[in-house]
Amino acid sequence: MTSDKAALFAELDRAREELWQVVDAHDPQQEIYPGWNQRDFYAHIAGWEAYVYEVFLCNAQGIPLKTYSYNNLGDLDEANAHFVAERQTGTLDNIKLECEISRYAIKRMIGDIPAVDFEKPIQFPWGKMTPIRFIHDAIKHEDDHAADIRKLRQQPA
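Just so you know, these numbers come straight off a predicted model, no measurement behind them. (Residues numbered from 1 in each chain as written. Predicted model: local features only at pLDDT ≥ 70, side-chain atom pairs only at ≥ 80, totals over all residues. Heavy atoms only, no water.)

A. Quick peek at the overall build of the protein chain. Broken down by element type, the protein chain carries five helices and two strands. Here the C-alpha atoms of the protein chain give a radius of gyration of 16 Å, agreeing with the 15 Å that 2.2 N^0.38 yields for 157 residues. Taken over 157 residues, the protein chain has a buried fraction of 39%. The long-range fraction of contacts in the protein chain, counting pairs at least 24 apart against all pairs at least 6 apart in sequence, stands at 68%. As displayed, the protein chain has an accessible area near 8,700 Å², and 53% of this comes from carbon and sulfur atoms. Separation between the mean location of the 17 positive side-chain charges and that of the 26 negative ones in the protein chain comes to 3 Å. (Helix = DSSP H or I, 4+ residues; strand = E, 2+ residues; numbered from the N terminus. Rg over C-alpha atoms; globule rule 2.2 N^0.38 Å. Buried < 20%, exposed > 50% of the residue type's maximum accessible area, 1.4 Å probe, protein only. Contact = heavy atoms within 4.5 Å. Areas by Shrake-Rupley, 256 points an atom, 1.4 Å probe, with all protein chains shown as cover. Lys, Arg positive; Asp, Glu negative; His and termini not counted. Charge placed at Lys NZ, Arg CZ, Asp CG, Glu CD.)

B. Highlighting helix α2 (residues 38-61). Compared with the 34 Å implied by 1.5 Å per residue over 24 residues, the 34 Å span of α2 between its first and last C-alpha is a close match. Regarding α2, its N-cap is N37, as a side-chain oxygen of that residue lies 3.1 Å from the backbone nitrogen of R39 further along. One or two steps after α2, the chain reaches G62, where phi turns positive at roughly 70 degrees. (Expected span 1.5 Å × (residues − 1). Polar contact = N/O pair within 3.5 Å; in protein donor to acceptor, adjacent residues only side chain to side chain.)

C. Spatial organisation of the nonpolar core. F56, I110, F124, F134 and I135 are the most contacted members of the largest nonpolar core, which totals 23 residues. Per-element tally for this core: the top contributor is α2, with five residues. Ignoring anything within four residues of it in the chain, the contact list for I110 reads K5, F9, F56, F118, P131, F134 and I135. Counting residues in hydrophobic clusters, the runner-up holds 17 residues, among them V22, I32, A46 and V84. (Core = buried A, V, L, I, M, F, W, Y, C linked by side-chain atoms within 4.5 Å.)

D. Here's a closer look at the packing of α2 against helix α3 (residues 76-86). The interhelical angle for the contact between α2 and α3, taken along N-to-C directions, is 105 degrees, at an axis separation of 8 Å. Taken together, α2 and α3 sit at an angle that is classed as roughly perpendicular. Contacts from D40, A43, H44, G47, W48 and Y51 in α2 reach L76, N80, F83 and V84 in α3. Among the residues forming the contact of α2 with α3, the class breakdown is six nonpolar, three polar and one charged. (Axes fitted to C-alpha atoms, helices over the stretch in contact; angles between N-to-C directions. Parallel < 35°, antiparallel > 145°, perpendicular 65-115°, else oblique. Nonpolar A, V, L, I, M, F, W, Y, C, P; charged D, E, K, R; others polar.)

E. Here's a closer look at the environment of E31. On the secondary structure map, E31 appears in the loop between α1 (3-24) and α2. Spatially, the C-alpha atoms of E31 and F41 are 9.4 Å apart, while their sequence positions differ by ten residues. Apart from residues lying up to four places away in sequence, E31 is in contact with W36, N37 and R153. A polar side-chain atom of E31 sits 3.2 Å from the main-chain amide nitrogen of G35.

F. Just the packing of aromatic side chains, in detail. Under the criterion given, the structure shown has ten aromatic pairs. Both rings, one in F124 and one in F134, keep their centres 5.7 Å apart while their planes meet at 10 degrees; by these two values the pair is stacked. Taken together, the residues F124 in strand β1 (residues 122-124) and F134 in helix α5 (residues 131-154) connect sequence positions ten residues apart. Given a relative accessible area of 0%, F124 falls into the buried group. Classification of F134 by relative accessible area gives buried; the value is 8%. One aromatic cluster is present, built from ring pairs that chain together W48, F56, F83, F124, W126 and F134. One residue, K5, lies across the ring of F118, its end atom 4.8 Å from the ring centre. The aromatic ring of F9 is capped on one face by K107, whose charged end is 5.6 Å from the ring centroid. (Phe/Tyr/Trp six-rings, centres within 6.5 Å; stacked < 30°, edge-to-face > 60°. Lys NZ or Arg CZ within 6 Å of the ring centre and 35° of its normal.)

The structure is reproduced here in structure tokens:
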């Protein structure tokens, strides 16, 4: 793995650790994001991580992306609702573990991409992006969620 990948993975890990600290600082039943408690929030992350894992898997296997009933992510609210609903019977700990397993698998798959291909675009449902761009976007996604939760929790009830 190149040092660039290592630095990107370190930043990705930092964003995840910070997000988990922000989420875990609240009562599990408390609404921490509009309409979501901790389990629902982790279900959102788990759904996206599982989806991204499938994107990287399809790319590695050279097969087309799967199509899903929730408009293949064309409607993000519908996709998020589906990800959360799919995991309603799971425990908070198991859903959080699913997040970590998928993140590990994604990092392994990205780590296996040869340096020469690291800037080659991969087809995601929302368009093509390089693994580098994906990592930067994933970091921003988690940093944005952490900032949103901090802001929402500071507002008086």
